[in-house]
Amino acid sequence: MTSKVKPIAKDMGIERRREDQPEERLMGRVIACDGGYATVAALASEASDDASSFWSIGRLISIAVGQNRVVGMVYKLNAADARWEDQQFNTIHAEIELVGEIRSSDSGELEFSRGIATYPPLGSVAHRIRSKDLMAVHLRHENRSMVIGTLSQDEQIPATVDIDNMLSRHFAIVGTTGTGKSTALALLMRKCLEVHPELRIMLFDPHNEFSTAFPDKANVLTADTLELPFWLFQHDEFAEVIFRGREGVQEEVDALRELIPEARARFGAKQANGSKLVRRSVDAGNISADTPLPYRMTDLFAIIEDEIGQLEGRHDRTVLKSLKTRLEALVNDPRYRFMFSARTVDDNMADVMGTLFRIPLNDRPITCLQLAGVPSEVVNSVISVLCRMAFDLAMWSNGTCGVLVVCEEAHRYVPQDPRLGFGPTRHSIARIAKEGRKYGVHLGVVTQRPGELDPTILSQCSTIFSLRLANDLDQEIIRSAISDSSASTISFLSSIGNREAIAFGEGIPTPMRMKFEELKTEFLPGSPIYDMPEHLEGHAPQVNLGSIISRMRGNHIRDDNRADGQAA
Ligand SMILES: Nc1ncnc2c1ncn2[C@@H]1O[C@H](COP(=O)(O)OP(=O)(O)O)[C@@H](O)[C@H]1O
Ligand SMILES: [Mg+2]
């Protein structure tokens, strides 16, 4: 079917029609109606004909019913007797899903409402929707509506999204690789910031591609610059880093759970003595393995050593020795420097959170966390910690520090298969999805495989932008996400073009097929690492193996620090 769109005359509301074309060609008549759906019989000539191209999948049409117009979307087309004669008019049957009704108010304004008061009687005339009506459907005058593109049906008509609704009930962008998800995300994030300059955004960027998209708005953190002290990790998050889901380490996990509170208490006590301040007494009983109070690894090691030296220790010596060996390996592993880099352990939680969550904003409301350089076995824990902190920050600030958490490639962190992924990550993202609304924590998920994403997460995303989906299962998932009455709207999900999307849900006036507006080249997401400098194009780039090996060994961080004059 053609999807060629002919721009409608600038003077909206006036149908442009060639004088010599019979009226019939632009019209059809209702021959069946069953409440939600109608069938329209119409005459059409070749598919390339402008006049007939409005009988095309995904188009809105209108049916005159008294003073009102019932609006419907074409979702299926048949030649009436399964034949097509060239050079003639053929009868076609268009299956229409009824999406709402347009009424003129007393003041003469057009009002669109979902739901239909009067159904079209048989024989009612169906015709191309007027531009004014299309405007009325898509431009409901809500104050926070933002234009994000144009309707595929009529490029003169803006496609809008209600940012507040979209944020508060979470959103998802799905689509096959290369269809424009990341670009759409960058576009939506910009629109959100236009409406809410005070919004903080935590973006998980698994391909390191968004630093180019927000040169003006993002504070980019890499594996080298991320600072996430180990003592901010809760017990199960820390255990994931140490044991990486290994079996048969339960005794070590349990020992760690008992020893960490002691290390926290020891550090707290030293702090209180050292500063000679009258402090709230540090009571080990109030401290759990999850309390975000600092501790020193040296204290933890000393406590483990003490335990090992005791005759009647609580834990098996081999267990403790094994635990200590693992911890030492971790602390010395350059890839985990972001957790253990601080030369002295301070209670710098305010600095860490301030940097991560942009307090103050400093004109850069986005934290773009590049995850490509973070060891994959630790990405889960990092995301778990950050999502939990985002939620806690919003909750303990009584909603004054709202955060939008955006997960690209979300199916990696919250996979559909409960055996995969990491429990605490799933839990902290699910908590945002389920309860975030109360505190102003919003979730945006992006995935090319909605079928592999935890369905409970997707079901909490009330606004969905579905770009092209090739996989049947994925299409089925999205089809079931849209309300029953609109399911036919997305029957053509496999065939839409790049940058095009079917958008539906809370933030969207009515399910629509739309094309995202063009994002300026300088703000396109892209991978700066693999971009060949212009002068090298066509030439093999110089490879400095020495510096690569140095990076692999983690020496570059020390070098950088020295250059900054802050050598250890
Ligand atoms: N809204 C848009 N404006 C401009 N270019 C776009 C837009 N959407 C997609 N593109 C182009 O398509 C390419 C692929 O888009 P991308 O967002 O990376 O897809 P995905 O994330 O789905 O793999 C981009 O590099 C860009 O050139
Ligand atoms: Mg992408």
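Residues numbered from 1 in each chain as written. Chains lettered and ligands numbered in written order. Predicted model: local features only at pLDDT ≥ 70, side-chain atom pairs only at ≥ 80, totals over all residues. Heavy atoms only, no water.

1. A closer look at the packing of aromatic side chains
The test is simple: Here a Phe, Tyr or Trp ring, Trp counted by its six-membered ring, pairs with any other such ring whose centre lies within 6.5 Å, and the pair is stacked when the planes are under 30 degrees apart, edge-to-face when over 60, and tilted otherwise. In this analysis the charged atom, NZ for Lys or CZ for Arg, is taken to sit over a ring once it is within 6 Å of the ring centre and within 35 degrees of the ring normal.
Taken as a whole and assessed by the stated rule, the structure comprises 7 aromatic pairs. Site record: aromatic cluster; members linked through ring pairs are Phe 230, Phe 233, Phe 238, Tyr 295 and Phe 340. Of note, Arg 190 hangs over the ring of Phe 523, and the distance from its end group to the ring centre comes to 3.9 Å. The aromatic ring of Phe 301 is capped on one face by Lys 324, whose charged end is 5.9 Å from the ring centroid.

2. Topic: helix α9 (residues 349-356)
Under the convention used in this document: Burial classes follow relative accessibility: with a 1.4 Å probe on protein chains only, a residue under 20% of its type's maximum area counts as buried, one over 50% as exposed, and anything between as partly exposed. Strands are runs of DSSP state E lasting at least 2 residues, helices are runs of H or I lasting at least 4, and numbering of each runs from the N terminus. Working rule for contacts: check all heavy atoms of both residues, and any pair within 4.5 Å makes them a contact.
Buried within α9 are the following residues: Val 352, Met 353, Gly 354 and Leu 356. Looking at the buried positions of α9, the neighbouring elements they touch are β11 (200-205), β12 (218-221), β13 (366-370) and α10 (376-396). Phi turns positive, to about 55 degrees, at Arg 358, one or two residues after α9.

3. Brief notes about the side chain of Arg 264
Formally: Counted as a polar contact is a pair of N or O atoms within 3.5 Å, where, for protein atoms, one must be capable of donating a hydrogen and the other of accepting one, and residues adjacent in sequence contribute only when both atoms are in side chains.
Among the structural elements, Arg 264 can be located in helix α5 (residues 250-275). Looking at Arg 264, its side chain comes within polar contact range of the main-chain oxygen of Ala 289, at 2.8 Å.

4. Things to note about the nonpolar core
Note the following rule: We define the nonpolar core as a collection of buried residues of types Ala, Val, Leu, Ile, Met, Phe, Trp, Tyr and Cys that are connected through side-chain atoms lying within 4.5 Å of one another.
Counting residues in hydrophobic clusters, the biggest one holds 138 residues, and the most contacted among them are Leu 228 and Phe 238. Not counting the four nearest positions on each side in its chain, Leu 228 is found in contact with Phe 233, Phe 338, Met 339, Leu 356, Val 382, Val 385, Leu 386 and Met 389. If you look at the next biggest cluster of nonpolar residues, it comprises 18 residues, including Ala 44, Ile 63, Val 70 and Leu 77.

5. Comments concerning the site of ligand 1
Rules: Summary of the distance rule: residues count as near a molecule or strand when at least one heavy atom falls within 4 Å of that molecule or strand. Gly falls in the polar group here, along with every residue not listed as nonpolar (Ala, Val, Leu, Ile, Met, Phe, Trp, Tyr, Cys, Pro) or charged (Asp, Glu, Lys, Arg).
Looking at ligand 1, there are 13 residues lining it, with Gly 178, Lys 181, Ser 182, Thr 183 and Leu 519 nearest. In the model, an oxygen atom of ligand 1 is placed 3.4 Å from a nitrogen or oxygen of the Thr 179 main chain. Class assignment for the residues of the shell around ligand 1 results in 2 nonpolar, 7 polar and 4 charged.

6. A short note on empty space enclosed by the protein
Heads up, the condition is: Cavities and pockets were defined on a 1 Å grid built over protein atoms only: a cavity is a set of grid points that admits a 1.4 Å probe from which the probe cannot escape, a pocket is an open set flanked by protein on both sides within 12 Å along at least five of seven lines, and lining residues are those with an atom within 4 Å of any such point. Grid points are joined across faces, edges and corners, and a volume is the space filled by probe spheres set on the points. For each domain, the first and last residues come from an automatic or database assignment.
This structure, assessed with the given rule, holds 4 cavities of 30 Å³ or more. In this structure, the second largest cavity encloses a volume near 60 Å³. Every residue lining the second largest cavity is listed: Gly 58, Leu 60, Met 73, His 138, Leu 151, Gln 153, Pro 511, Met 512 and Arg 513. In terms of domain composition, the lining of the second largest cavity takes at least three residues from each of domain 1 (23-138) and domain 2 (159-228 + 348-527).

7. A word on the packing of helix α4 (residues 235-243) against helix α7 (residues 317-332)
Our working definition: Between N-to-C directions, angles span 0 to 180 degrees; the directions come from axes that are lines fitted to C-alpha atoms, helices contributing only their stretch in contact. Here the angle decides the label: under 35 degrees means roughly parallel, over 145 means roughly antiparallel, 65 to 115 means roughly perpendicular, and every other value means oblique.
The geometry of α4 relative to α7 is characterised by a closest axis approach of 10 Å and an angle of 85 degrees between their N-to-C directions. Taken as axis vectors, α4 and α7 run roughly perpendicular relative to one another. Note on element contacts: α7 touches α4 through Leu 323, Arg 326, Leu 327 and Leu 330, opposite Phe 238, Val 241, Ile 242 and Phe 243. Along the lines of polarity and charge, the residues of the contact of α4 with α7 split into 7 nonpolar, no polar and 1 charged.

8. So, the environment of Lys 181
Here Lys 181 shows up in helix α3 (residues 181-195). The spacing of Lys 181 and Arg 499 is 318 residues in sequence and 7.9 Å in space, taken between C-alpha atoms. Those residues within four positions of Lys 181 in sequence are excluded, and the remaining contacts are Ile 173, Val 174, Gly 175, Thr 176, Val 446, Thr 447, Gln 448 and Leu 467.

9. Some remarks on the sheet that holds strand β17 (residues 500-505)
So the rule is basically this: Being paired, for any two strands, means DSSP has found at least two bridges between them.
With respect to topology, 11 strands assemble into an open sheet ordered β9-β8-β18-β17-β16-β10-β15-β14-β11-β13-β12, the strand pairing being mixed. What marks the edges here is a single partner per strand, and that holds for β9 (158-162) and β12. Here the average twist between neighbouring strands, direction ignored, is 25 degrees.

10. A closer look at the pattern of salt bridges
Going by this rule: What counts as a salt bridge is simple: a side-chain nitrogen of Lys or Arg found within 4 Å of a carboxyl oxygen of Asp or Glu.
All told, the structure shown has 27 salt bridges when counted by the stated rule. Linking Arg 83 and Asp 81 is a salt bridge whose minimum nitrogen-to-oxygen distance equals 3.0 Å. Assessed through its relative accessible area of 48%, Arg 83 is described here as partly exposed. Residue Arg 335 pairs with Asp 333 through a salt bridge whose shortest N-O separation is 3.1 Å. For Asp 333, a relative accessible area of 16% puts it in the buried group. The network of salt bridges with common partners includes Glu 258, Glu 262, Glu 307 and Arg 314.

11. Brief notes about the environment of Ala 117
Summarising the element assignment, Ala 117 is placed in the loop between β6 (110-113) and β7 (125-128). With relative accessibility at 62%, the residue Ala 117 sits in the exposed group. For the pair Ala 117 and Val 70, spaced 47 residues apart in the sequence, the C-alpha separation amounts to 9.1 Å.

12. Things to note about α4
With 8 of 9 residues buried, α4 lies mostly within the body of the structure. Those residues of α4 lying buried are His 235, Glu 237, Phe 238, Ala 239, Glu 240, Val 241, Ile 242 and Phe 243. Phi turns positive, to about 45 degrees, at Arg 244, one or two residues after α4.

13. Points about the confidence of the model for the protein
A low pLDDT means the predicted coordinates there should not be read in detail. Where we set the bar: The predictor reports its confidence for every residue as pLDDT, a score running from 0 up to 100.
Looking at the protein, the pLDDT average stands at 82 and 83% of residues meet or exceed 70. Residue range residues 1-25 is modelled with pLDDT below 50. Its contacts to residues more than four positions away, or to other chains, number 49 contacts. Below a pLDDT of 50 lies the segment residues 556-568, which in the model reaches 12 contacts outside its immediate sequence neighbourhood of four places, other chains included.

14. Re the packing of helix α6 (residues 297-309) against α7
Where we set the bar: The sense of a crossing depends on the near helix, which, turned anticlockwise from the far helix by less than a right angle, makes the crossing left-handed and, turned clockwise, makes it right-handed.
Two numbers describe how α6 lies on α7: the axes approach to 10 Å, and their chain directions differ by 160 degrees. Between α6 and α7, the angle falls in the class roughly antiparallel. As for the relative orientation of α6 and α7, their crossing is left-handed in sense. Residues Met 297, Leu 300, Phe 301, Ile 304, Glu 305, Glu 307 and Ile 308 of α6 pack against Arg 317, Leu 320, Lys 321, Leu 323, Lys 324, Leu 327, Glu 328 and Val 331 of α7. In the contact of α6 with α7, the residues fall into 9 nonpolar, no polar and 6 charged.

15. Things to note about the pairing of β9
Across the 5 residues of β9, 5 count as buried, placing the element largely inside the fold. Burial of the side chains of β9 extends over both faces: Pro 158, Thr 160 and Asp 162 are buried on one face and Ala 159 and Val 161 on the other. As defined by bridge partners, strand β8 (residues 145-151) adjoins β9 across 5 bridges and the pair is classed as antiparallel. Across the sheet, residue Ser 145 finds its bridge partner in β9, namely Asp 162.

16. Considering unusual backbone geometry
With omega at 0 degrees, the peptide bond leading from Ile 359 into Pro 360 counts as cis. A positive phi angle, close to 55 degrees, is found at Asn 398, a residue other than glycine. You can see Asn 398 is positioned in the loop between α10 and β14 (403-407). Residue Glu 409 is not a glycine yet carries a positive backbone phi of 55 degrees. Counting through the fold element by element, Glu 409 comes out in the loop between β14 and α11 (410-413). Take Glu 409: its relative accessible area is 8%, and that puts it in the buried class.

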